[in-house]
Amino acid sequence: MSESDQEIRKGLAGVVVDTTAVSKVNPETNSLLYRGYPVQELAATQSFEAVSWLLWHGELPTDEELAGFERAERAQRALAPEIRAAIDLLPTTAHPMDVVRTAVSVLGGLDPDADDRTPDGTLEKSVRLFAAIPAIVAYDERRRQGKDLVEARDDLDYARNFLWMTFGEVPDDVVVDAFRVSLVLYAEHSFNASTFTARVITSTLSDVYSAVTGAVGALKGQLHGGANEAVLHTFAEIGMDEAPNGRAAAWLDTALTEKRKIMGFGHRVYKNGDSRVPTMRDALVRLVDHYDRPEVLALYEELESAMGERKNIKPNLDYPSGPAYHLMGFSTEAFTPLFVAARVVGWTAHIREQLASNALIRPLSLYDGPDERHVPGA
Ligand SMILES: CC(=O)SCCNC(=O)CCNC(=O)[C@H](O)C(C)(C)COP(=O)(O)OP(=O)(O)OC[C@H]1O[C@@H](n2cnc3c(N)ncnc32)[C@H](O)[C@@H]1OP(=O)(O)O
Ligand SMILES: O=C([O-])CC(=O)C(=O)O
């Protein structure tokens, strides 16, 4: 086959690059399985800690295994002084994703065994990252608001402690549960762009922290994780304080005329709706009831239905997550770091899988630059 006959799949769309046992995204059945379990069942019954164990180990934990993991995780929650100092070097105007990316990189620099790529070593680092990220996100969220650090507590589960460190109080169970559901749904999604980034970095035999740092960078973009923040900008542009009464549809018409991408809609793999949306939408509805904010749901529904009518494009997980995090009280820029906190589990599960059966990831390209030419006088 000559070079020019080779098919280019822009954006690797439709290209299968490897196998994975971590999760299965099936657009035909609109389903998502983590290690074989439907994500909806996990979201309905499991803690985020148990789901994380499942993604790393392949099986749900026994009570004893879960207790051991929780002990290890709770022991590593405190914000290390070096990480705090590194965060404080950055201005409070730095985007929280830049802060998390930097903090993850610093964590790697502090680990004397950062290059340990053994299964035990990478598992230990996965748990370390899992435990450390909430304090990083919460501290940065508070310092941007001129508030002090709230120390981690070891008598709370992961979701409650995260909310405690962010807000200085543990909210109502409805809120905690919606947060837990979002973490479970965000934890893993096969070869999405950030996970693929982590696998590419790992494939060179780089270290876990480098792979996660790169993955955070990939997640930041609006076509991927950054969309949950962007959804709230859309809601704010339309106005969230009163029922939309046609304003969302009118906003959409203008945006589509201007050829804007509507954040929180569309997906590379799902073409008939994202399997996770109904579960997250239900959590959003519970929050709307809890906070008595029906106008937020009305806006959600009007924009969704207008997008369906005009483009037949359905929401992805970022669409219900954005307003859910807003109602919980997180600032808009902190939404994608929350996605990081959850997805670090998927990333590290894939990093470990990549290492277990590694091949350097290095695709080809078709050259379309100038023909060979020569430097005058050479
Ligand atoms: C958790 C996650 O990361 S989920 C993804 C989060 N990202 C977003 O919500 C960003 C908005 N969505 C998008 O940009 C896209 O739907 C993507 C990037 C997610 C997937 O895109 P792709 O698979 O590359 O499809 P592509 O962008 O080529 O879209 C196909 C067609 O649908 C249109 N389309 C897709 N999504 C949207 C959207 N959100 N708004 C407007 N039009 C859209 C495209 O303009 C394109 O139309 P055309 O064929 O007339 O040019
Ligand atoms: O799978 C994708 O391309 C994006 C996505 O939904 C995710 O990473 O959760």
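Cut-off values and rules
- Residues numbered from 1 in each chain as written.
- Chains lettered and ligands numbered in written order.
- Predicted model: local features only at pLDDT ≥ 70, side-chain atom pairs only at ≥ 80, totals over all residues.
- Helix = DSSP H or I, 4+ residues; strand = E, 2+ residues; numbered from the N terminus.
- Rg over C-alpha atoms; globule rule 2.2 N^0.38 Å.
- Buried ≥ 20, exposed ≤ 12 C-beta atoms within 10 Å, placed from the backbone.
- Contact = placed C-beta atoms within 7 Å.
- Near = placed C-beta within 6 Å.
- Nonpolar A, V, L, I, M, F, W, Y, C, P; charged D, E, K, R; others polar.
- UniProt positions renumbered as here; feature names shortened; annotations may be inferred.
- Pairing = 2+ DSSP bridges.
- Expected span 1.5 Å × (residues − 1).
- Bend = angle between axes of the 7 residues up to and from the residue.
- Core = buried A, V, L, I, M, F, W, Y, C linked by C-beta atoms within 7 Å.
- Domains from an automatic or database assignment.
- Axes fitted to C-alpha atoms, helices over the stretch in contact; angles between N-to-C directions.
- Parallel < 35°, antiparallel > 145°, perpendicular 65-115°, else oblique.
- Left-handed = near helix turned anticlockwise from the far one by under 90°.

### Quick look at the overall build of the protein chain
Helix and strand counts for the protein chain come out as 16 helices and three strands. In terms of overall dimensions, the protein chain is globule-like: its C-alpha atoms have a radius of gyration of 21 Å, near the 21 Å expected for 378 residues. Taking the principal axes of the C-alpha coordinates as reference, the protein chain spans close to 70 × 55 × 45 Å. Residues counted as buried form 43% of the 378 residues belonging to the protein chain. A sequence separation of at least 24 residues applies to 77% of the contacts in the protein chain between residues at least 6 apart.

### Let's talk about the site of ligand 1
Ala227, Ile262, Phe265, Gly266 and Arg268 are the nearest of the 19 residues found near ligand 1. Of the residues in the shell around ligand 1, the class split is seven nonpolar, eight polar and four charged.

### Examining the UniProt feature "active site" (unreviewed entry) in the protein chain
The sites that UniProt annotates as "active site" (unreviewed entry) are His267 and Asp318. Maximum C-alpha separation among the annotated residues is 10.6 Å over a sequence range of 52 residues, consistent with a single clustered spot. For histidine 267, the position within the fold is in the loop between helix H12 (247-257) and helix H13 (277-291). Ignoring anything within four residues of it in the chain, the contact list for histidine 267 reads Asp274 and Asn316. Apart from the residues within four sequence positions on either side, aspartate 318 is in contact with Ala227, Asn228, Val231 and Gly264.

### Remarks on the sheet that holds strand E1 (residues 23-26)
Sheet architecture is open: three strands sit in the order E1-E2-E3, paired in antiparallel fashion. Each edge of the sheet is formed by a strand with only one pairing partner; in this case those strands are E1 and strand E3 (37-38). Both E1 and strand E2 (residues 31-34) contribute to a ladder of four bridges, which runs antiparallel. By the bridge assignment, lysine 24 is partnered in E2 with leucine 33.

### Here's the deal with the pairing of E1
Judged by which residues are buried, E1 turns out to be one-sided: Ser23 and Val25 face inward and are buried, whereas Lys24 and Asn26, on the alternate face, are not. Between E1 and E2, which follow one another and run antiparallel, lie four residues, and asparagine 30 among them has a positive phi close to 50°.

### Quick word on helix H16 (residues 335-356)
Here H16 contains 22 residues, and its C-alpha end-to-end distance of 32 Å stays within 8% of the 32 Å for a straight helix at 1.5 Å per residue. Along its length, H16 shows its largest kink, about 40°, at arginine 343. Most of H16 is tucked away, with 19 of its 22 residues classed as buried.

### Description of the nonpolar core
Formed by 101 residues in total, the largest nonpolar core has its most connected members in Val100, Ile133, Ile136, Val184 and Val212. With 11 residues, H16 is the largest single contributor of residues to this core. Two domains each donate at least three residues to this core, and these are domain 1 (21-221 + 334-357) and domain 2 (226-328). Once you skip the residues sitting within four places of it in the chain, valine 184 turns out to touch Val39, Leu42, Ala43, Gln46, Phe48 and Val51.

### Some words on unusual backbone geometry
For leucine 12, which is not glycine, the phi torsion reads 55° and is therefore positive. Tracing the chain through its elements places leucine 12 in the segment before E1.

### Section: the packing of helix H8 (residues 173-186) against H13
Helix packing geometry: the angle between the two helix axes and the distance between the axes. Put simply, H8 and H13 touch, their axes get as near as 10 Å, and they point 160° apart. One element, H8, and the other, H13, form an angle in the roughly antiparallel class. Like other packed secondary-structure pairs, H8 and H13 cross with a definite hand, here left-handed. Seen from H8, the contacting residues are Val174, Val175, Ala178, Val181, Ser182 and Leu185; seen from H13, they are Thr279, Met280, Ala283, Arg286, Leu287 and His290. A class-by-class count of the residues in the contact of H8 with H13 yields eight nonpolar, three polar and one charged.

### Observations concerning the site of ligand 2
The environment of ligand 2 is formed by His189, Asn192, His267, Arg268, Val269, Asn316 and Leu317. Looking at the shell around ligand 2, its residues break down into two nonpolar, four polar and one charged.

### Points about the pairing of E2
The two faces of E2 differ: Leu32 and Tyr34 on one face are buried, but Ser31 and Leu33 on the other face are not. By the bridge criterion, two bridges tie E2 to E3 in an arrangement that is antiparallel. Note that in E3 the partner of tyrosine 34 across the bridge is tyrosine 37. Hairpin connection from E2 to E3: two residues lie between these consecutive antiparallel strands, with arginine 35 at a positive phi of about 50°.

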